[in-house]
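# Observations on the three-dimensional arrangement
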Amino acid sequence: MSKKRVLSCIQPTGEIHLGNYFGAVKNWARIQDTYDCFYGVVDLHAMTMPYDPKELKENTLQMVAELIACGLDPEKSIIFIQSLVPQHTELTWIFNCIASYGELSRMTQFKDKSEQIESSNKTQFISAGLFTYPVLQAADILIYKADYVPVGKDQVQHLELSRNIAARFNRQFKEYFPQPEPLLTDIPKLVSLADPSKKMSKSLGEKHYVSLFEGEVSIRKKVRSAVTDTGEKQGDQMSPGVENLFNLIKACEKSTEYNHLLNDYQSGTLRYKDLKDTTADALIELSEPIRKKKEELMADKAAIEKLARTLSQKASDIASDTLAGVRKLTGLPDIK
Ligand code: TRP
């Protein structure tokens, strides 16, 4: 029996941080034997927000290296660069004519990101690409006829749109696309170390996230200055900052240390310094081999680039089959 197909993607907007790793990439690596996996570095999506062209190119290649360093195996999974598979863009146009203006207007990520731009003091420009971002995402998924899409809760609305586009296409033309299902995994909710009331995210700024690649000194420094209790204690409830450190230790699979510290917490003898030291040790033990692996890979950039091109070509061969069927059904001439 053939394996079910999985697709997920990540934007090359910087280094993989702990939120990305525990929330997505670690799981992507874990399911590689169970499914036929496609993992995309979506550079076209990264163009929807203000960006620097030189950085985008560099970040895209780095992201391929980081994914491999995190355990994605190019022998098992197709790790591709979105813009090297031009069929994504072509299908996006066709889907633009199937998605409605109204449903795109209801996307909360569009509202959030456009507000983020408007409240920044850099630019007020909101591109049409930001508006049609979820249509490109639907094309990413459906061009491979993916069965499952591992996503976080924040992407559920986009996946729902992809399902609607697939259903509408099937009704309008012919049964062609399967309905992609979300693959929701049990993931720890990680918050910012500097402000535990916010989700760990790159867009908040340097002190709000920990990259897997920033190295021992910087990791220790950030963990040491993590906010624990902000003064007023909420009865017996653990404060969000303390809970976050516990969650990190658990995510690093340090259950002995976790239980020990939790006991101390419950008996009121926990010293936050011990909690922080354990957190930092666990994160360094996890990230050091990954960081070294990335360095090794990036020592030969040409080889990484060649690998990415080969895998993207594989993706493209599959994508062009899907697209040929779409062109037929929608009244466009065959390419050859
Ligand atoms: N929008 C996703 C995010 O910001 C990234 C993404 C693009 C994606 N295309 C995708 C995720 C297709 C899953 C499937 O995280």
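Residues numbered from 1 in each chain as written. Predicted model: local features only at pLDDT ≥ 70, side-chain atom pairs only at ≥ 80, totals over all residues. Heavy atoms only, no water.

## Comments concerning the side chain of Gln82
Condition: Helix and strand labels come from DSSP, where a helix needs a run of H or I of at least four residues and a strand needs a run of E of at least two; each type is numbered from the N terminus. Contacts were defined at the residue level, with two residues in contact if any of their heavy atoms lie within 4.5 Å.
By the element assignment, Gln82 lies in the loop between strand S3 (78-81) and helix H4 (87-96). Discounting chain neighbours no more than four positions away, the residues touching Gln82 are Val41, Val42, Asp43, Leu44, His45, His88, Leu136 and Asp140.

## Focus: the domain arrangement of the chain
When the parts of a complex come together, some accessible area is lost, and that lost area is often used as the size of the interface. Rule in force here: Boundaries between domains were set according to an automatic or database domain assignment. Throughout, buried area stands for the accessible area (probe radius 1.4 Å) lost by two parts on being put together, summed over both. The salt bridge criterion pairs a side-chain nitrogen of Lys or Arg with a carboxyl oxygen of Asp or Glu, the two atoms within 4 Å. Two N or O atoms count as a polar contact when they lie within 3.5 Å, although within protein this holds only if one can serve as hydrogen donor and the other as acceptor, and sequence-adjacent residues are included solely when both atoms are side-chain atoms.
In terms of domain boundaries, the chain breaks down into domain 1 (5-187 + 301-330) and domain 2 (202-295). Placing the centre of domain 1 and that of domain 2 at their C-alpha centroids yields a distance of 31 Å. Summing the contributions of domain 1 and of domain 2, the shared interface buries around 1500 Å²; its carbon and sulfur component is 66%. The shortest N-O distance in the salt bridge between Lys294 and Glu66 comes to 2.8 Å. Counting across the domain 1 and domain 2 interface gives 8 residue pairs in polar contact (both at pLDDT 80 or more). Going through the elements one at a time, helix H1 (18-30) and helix H3 (53-69) are the ones with two or more residues in the side of domain 1 that touches domain 2. In terms of residues, the side of domain 1 that touches domain 2 owes the most to one element, H1, which gives 5 residues.

## Digging into the pattern of salt bridges
Selection criterion: Each residue's exposure class comes from its accessible area (1.4 Å probe, protein chains only) as a fraction of the maximum for that residue type: buried when under 20%, exposed when over 50%, partly exposed otherwise.
Per the stated rule, a full pass over the model turns up 24 salt bridges. As a salt-bridge pair, Glu181 and Arg163 come within 4.0 Å of each other at their nearest N and O atoms. Residue Glu181 is located in strand S5 (residues 181-183), and its partner Arg163 is located in helix H8 (residues 156-172); the two are separated by 18 residues in the primary sequence. Glu181 gets classed as partly exposed once you look at its relative accessible area, which sits at 37%. Salt-bridge contacts for Asp277 lead to Lys273; the nearest nitrogen and oxygen are separated by 2.7 Å. Of this pair, Asp277 and Lys273 both sit in helix H12 (residues 272-298), 4 residues apart, which is roughly one turn of the helix.

## Structural notes on the site of the ligand
Where we set the bar: What makes a residue near a molecule or strand is one non-hydrogen atom of that residue sitting within 4 Å of it. Computed with the Shrake-Rupley method and a 1.4 Å probe, the accessible areas treat only the protein chains shown as cover for residues. Under the grouping applied here, Gly and all other residues not named as nonpolar or charged are polar, the nonpolar ones being Ala, Val, Leu, Ile, Met, Phe, Trp, Tyr, Cys and Pro and the charged ones Asp, Glu, Lys and Arg.
Around the ligand there are 13 residues in total, and His45, Tyr133, Gln137, Asp140 and Gln155 lie nearest to it. One of the side-chain N or O atoms of Asp140 is found 2.7 Å from a nitrogen atom in the ligand. Here Gln155 contributes a side-chain N or O atom positioned 3.1 Å from a nitrogen atom of the ligand. Considered on its own, the ligand offers 370 Å² of accessible surface; in the complex 87% of this is hidden by protein. Among the secondary structure elements, those contributing two or more residues to the shell around the ligand are strand S1 (5-10) and helix H7 (128-142). If you tally residues by element for the shell around the ligand, the top one is H7, at 4 residues. For the shell around the ligand, the residue count by class is 7 nonpolar, 5 polar and 1 charged.

## A few points about empty space enclosed by the protein
Rule in force here: Here a cavity is any set of points on a 1 Å grid over the protein atoms alone where a 1.4 Å probe fits but cannot get out, and a pocket is any open set with protein on both sides within 12 Å along at least 5 of 7 lines; a residue lines the site when it has an atom within 4 Å of a point. Grid points are joined across faces, edges and corners, and a volume is the space filled by probe spheres set on the points.
With the rule as written, the count across this model stands at 2 cavities of 30 Å³ or more. Taken as a whole, the largest cavity spans an internal volume of roughly 50 Å³. Taken together, Gly23, Ala24, Asn27, Trp28, Pro150, Val151, Gly152, Leu183, Thr185 and Ile187 form the lining of the largest cavity. Taken together, the residues of the lining of the largest cavity break down into 6 nonpolar, 4 polar and no charged. Estimated volume of the second largest cavity: approximately 40 Å³. Taken together, Met107, Gln109, Phe110, Lys113, Leu130, Tyr133, Pro134 and His158 make up the full set of residues lining the second largest cavity. For the lining of the second largest cavity, the elements supplying multiple residues, two or more each, are helix H6 (108-118) and H7.

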